[in-house]
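A structural walkthrough
Chain residues, written in single-letter form:
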Amino acid sequence: MPSSLHYRPGEPCDALCISGLATQVFLDTYATDGMRADLAEEALTVYAPTQFDTRLRHPDTRFILVERDAHLLGFAEIVAHAEGPMPRLSAGAELVRLYVQRHCHRQGLGRTLLENAEALMREADLPCLWLKAWAGNLRARDFYQAQGYEDIGGTHYEFGGNAYENRVFRKQLSTR
Ligand SMILES: CC(C)(COP(=O)(O)OP(=O)(O)OC[C@H]1O[C@@H](n2cnc3c(N)ncnc32)[C@H](O)[C@@H]1OP(=O)(O)O)[C@@H](O)C(=O)NCCC(=O)NCCS
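Just so we're clear, the structure is a prediction, and the values are computed from it rather than from any experiment. (Residues numbered from 1 in each chain as written. Predicted model: local features only at pLDDT ≥ 70, side-chain atom pairs only at ≥ 80, totals over all residues. Heavy atoms only, no water.)

Description of helix H2 (residues 37-45)
Those residues of H2 lying buried are Asp38, Leu39, Glu42 and Ala43. Axial view of H2: buried residues confined to an arc of 135°, hence all on one face. Turned more than 90 degrees away from the buried face of H2 sit Ala37, Glu41 and Leu44, all of them exposed. The inward-facing, buried residues of H2 contact helix H1 (15-30), strand E6 (150-159) and strand E7 (162-172). (Buried < 20%, exposed > 50% of the residue type's maximum accessible area, 1.4 Å probe, protein only. Helix = DSSP H or I, 4+ residues; strand = E, 2+ residues; numbered from the N terminus. Arc of directions from axis to C-beta. Contact = heavy atoms within 4.5 Å.)

Structural data, given as structure tokens:
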């Protein structure tokens, strides 16, 4: 019988495994034409264990993890009152990362992590959850639309000296 999935909040002691998984998923998603210096640099800096340790300790940041047999399979990273590309977004929370290991795609882990993130932000009385997705990430765009997120516009992300188009998605969590 397959072991069951376990969802739980992330803690500072999880920084190493989150860093490992995040690096794997980031490069798997974005380094599809091979490795470049800007991608390698982002993976080794933004995704370093010390960076996740700092974010795990930040009072406005929450992590939700999903594990099976004590192996990390995915996580969501949410920041309350993050500054958004549109003024009204900062009243809500940003879903900064939602990463599921490729071997576990299309098994409902992403949807359940997202539902947990929404529930947490509803409990905190935040009116919406929003996120930026790279315009070329069609899998993510399809996923968020399937979860009831509305595409509310575009923004740009500077990376390695280039500007990339991001789409901004938003879901209302309360009537406030
Ligand atoms: C986007 C991501 C989190 C989705 O996670 P997942 O666990 O595979 O998604 P789920 O199994 O919960 O999918 C729920 C629903 O979303 C939609 N969906 C998910 N992946 C999809 C895809 N590749 N194409 C079309 N629809 C998709 C479907 O409606 C799916 O329901 P179904 O499988 O019953 O048809 C995952 O693909 C991922 O981690 N990608 C790499 C990192 C990334 O791009 N993160 C988002 C950055 S903004």
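Next comes the rest of the account.
Structural notes on the layout of surface pockets
Empty space within the largest pocket amounts to approximately 1,400 Å³. In this structure, the largest pocket is lined by 49 residues; those nearest its centre are Thr29, Tyr30, Tyr99, Asn137 and Ala140. Of all the secondary structure elements, the ones that give two or more residues to the lining of the largest pocket are H1, H2, strand E4 (93-100), helix H4 (109-123), strand E5 (128-134), helix H5 (138-146), E6 and E7. Ranked by residue count, the leading element in the lining of the largest pocket is E4, at seven residues. Per-class residue counts for the lining of the largest pocket are 25 nonpolar, eleven polar and 13 charged. Considering the residues around the second largest pocket, the lining is formed by Tyr7, Arg8, Pro9, Gly10, Leu56, Thr61, Arg62, Phe63, Ile64, Asn116 and Leu120. Only strand E1 (5-9), strand E2 (61-68) and H4 provide two or more residues apiece to the lining of the second largest pocket. Broken down by element, the residue count for the lining of the second largest pocket peaks at four residues, all from E2. (1 Å grid on protein atoms, 1.4 Å probe; cavity = no way out; pocket = protein on both sides within 12 Å on 5 of 7 lines; lining within 4 Å. Points joined across faces, edges and corners; volume = space filled by probe spheres on them. Nonpolar A, V, L, I, M, F, W, Y, C, P; charged D, E, K, R; others polar.)

Considering the side chain of Arg55
Tracing the chain through its elements places Arg55 in helix H3 (residues 49-57). Those residues in contact with Arg55, other than ones at most four positions away along the chain, are Val46, Thr61, Phe63, Glu77 and Arg97.

A few points about the sheet that holds E1
Taken in spatial order, the seven strands of this open sheet run E1-E2-E3-E4-E5-E7-E6, and their pairing is mixed. Each having just a single partner strand, E1 and E6 make up the two edges of the open sheet. Averaged over neighbouring strand pairs, the angle between their axes works out to 25° when direction is ignored. Bridge count for E5 against E7 is seven bridges, and the pairing is antiparallel. (Pairing = 2+ DSSP bridges. Axes fitted to C-alpha atoms, helices over the stretch in contact; angles between N-to-C directions.)

Topic: the nonpolar core
Ile78, Leu95, Leu129 and Tyr144 are the most contacted members of the largest nonpolar core, which has 25 residues in total. In terms of residues, this core owes the most to one element, H4, which gives five residues. Apart from residues no more than four positions distant in its own chain, Ile78 is found in contact with Asp60, Thr61, Arg62, Ile64, Ala93, Glu94, Leu95, Ala117, Met121 and Leu129. If you look at the next biggest cluster of nonpolar residues, it comprises 18 residues, including Ile18, Tyr47, Phe52 and Leu72. (Core = buried A, V, L, I, M, F, W, Y, C linked by side-chain atoms within 4.5 Å.)

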